[in-house]
Amino acid sequence: MGTVPVIDSFNGPCFQHHDPVGANGSGIRFVATEEDFTPGLLTTKQVKGSEYRVYFCYNAKPLIYLKTRLTDETPECPIRNSHNGYGYIRNPPQLRTIPNLKDVLLSYTEEVANKIELSYGAIDFILSKNHTVYILESNSAPTLFSEELVEMFGNEFIRVGDRLYRDWE
């Protein structure tokens, strides 16, 4: 199935969504210039690929999900995100069948989070049919749609809060 090309560095500027009603989420889009910025411009329909989301929170192990349209035939009982007709599959088979996809997604997540100084959140990616990875956006307040995510974020917030409190005393 080929491997995912690895880009050595992330250099693009980023712009916050201009979306007062929150219909397009609260993400930050990565574009070449501000004039190129249009919420929803880069989509899975435009790239014709699969969308992945990587959740990260401080030092917890990042969690990778594949976004999929919900149908009666949807495999692997994805976690439902009912407001938009999509669900998320944890540890999708593509992570095992496409060489180095998992490593590339985790590497980009770390790089983007460091660039914009984000300690927790989620990064959305699109994987094209020729296995090119596009960084779609970062989310500083992503939906936590499973007990696993709530537990991960909750435990890390408590751990970091306790450390900060001890340092403050």
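Caption draft 1: Highlighting the overall build of the protein chain. Along the backbone of the protein chain there are four helices and eight strands. Its helices and strands in sequence order give the protein chain the pattern β-β-α-β-β-β-β-α-α-β-β-α, from N to C terminus. Per-residue burial over the protein chain gives 40% buried out of 169 residues. Considering only residue pairs separated by 6 or more positions, the protein chain has 56% of its internal contacts joining residues 24 or more positions apart. Accessible surface computed for the protein chain: about 10,000 Å², of which carbon and sulfur atoms make up 51%.

Caption draft 2: Region of the structure containing the nonpolar core. Counting residues in hydrophobic clusters, the biggest one holds 19 residues, and the most contacted among them are Tyr52, Leu101, Leu105, Phe125 and Val133. Those elements giving two or more residues to this core turn out to be strand S3 (49–57), strand S4 (63–69), helix H3 (101–115), strand S7 (120–128) and strand S8 (133–139). At six residues, H3 tops the list of elements feeding residues into this core. Filtering out sequence-adjacent residues up to four positions away, tyrosine 52 remains in contact with Ile64, Tyr65, Leu66, Pro92, Gln94, Leu101, Leu105, Ile123, Asp124, Phe125 and Leu127. Formed by eleven residues, the second largest nonpolar core is a distinct cluster that contains Tyr55, Ala122, Phe145 and Leu149.

Caption draft 3: Representation of the layout of surface pockets in the model. In this structure, the second largest pocket occupies an estimated 210 Å³ of space. By residue number, the principal contributor to the lining of the second largest pocket is H3, which donates five residues. When the residues that make up the lining of the second largest pocket are grouped by side-chain class, the tally is six nonpolar, four polar and one charged.

Caption draft 4: Expanded view of the packing of aromatic side chains. Scanning the model with the defined rule gives eleven aromatic pairs in all. With a centroid separation of 5.9 Å and 40° between ring planes, the pair formed by tyrosine 58 and tyrosine 120 is classed as tilted. Of this pair, tyrosine 58 sits in the loop between S3 and S4 while tyrosine 120 sits in strand S7; the two residues are 62 residues apart in sequence, bridging distant segments of the chain. Since its relative accessible area comes to 31%, tyrosine 58 is described here as partly exposed. A relative accessible area of 32% means that tyrosine 120 is categorised as partly exposed. The interplanar angle of 70° and the centroid separation of 5.9 Å between the aromatic rings of phenylalanine 153 and phenylalanine 157 together place this pair among those described as edge-to-face. Taken together, the residues span about one helical turn, with phenylalanine 153 and phenylalanine 157 both in helix H4 (residues 147–168) at a distance of four residues. We classify phenylalanine 153 as buried; its relative accessible area is 3%. Three or more aromatic residues link up through ring pairs in this structure, and these residues are Tyr55, Tyr58, Tyr65, Tyr88, Tyr120, Phe145, Phe153 and Phe157.

Reading the values: the criteria
- Residues numbered from 1 in each chain as written.
- Predicted model: local features only at pLDDT ≥ 70, side-chain atom pairs only at ≥ 80, totals over all residues.
- Heavy atoms only, no water.
- Helix = DSSP H or I, 4+ residues; strand = E, 2+ residues; numbered from the N terminus.
- Buried < 20%, exposed > 50% of the residue type's maximum accessible area, 1.4 Å probe, protein only.
- Contact = heavy atoms within 4.5 Å.
- Areas by Shrake-Rupley, 256 points an atom, 1.4 Å probe, with all protein chains shown as cover.
- Core = buried A, V, L, I, M, F, W, Y, C linked by side-chain atoms within 4.5 Å.
- 1 Å grid on protein atoms, 1.4 Å probe; cavity = no way out; pocket = protein on both sides within 12 Å on 5 of 7 lines; lining within 4 Å.
- Points joined across faces, edges and corners; volume = space filled by probe spheres on them.
- Nonpolar A, V, L, I, M, F, W, Y, C, P; charged D, E, K, R; others polar.
- Phe/Tyr/Trp six-rings, centres within 6.5 Å; stacked < 30°, edge-to-face > 60°.

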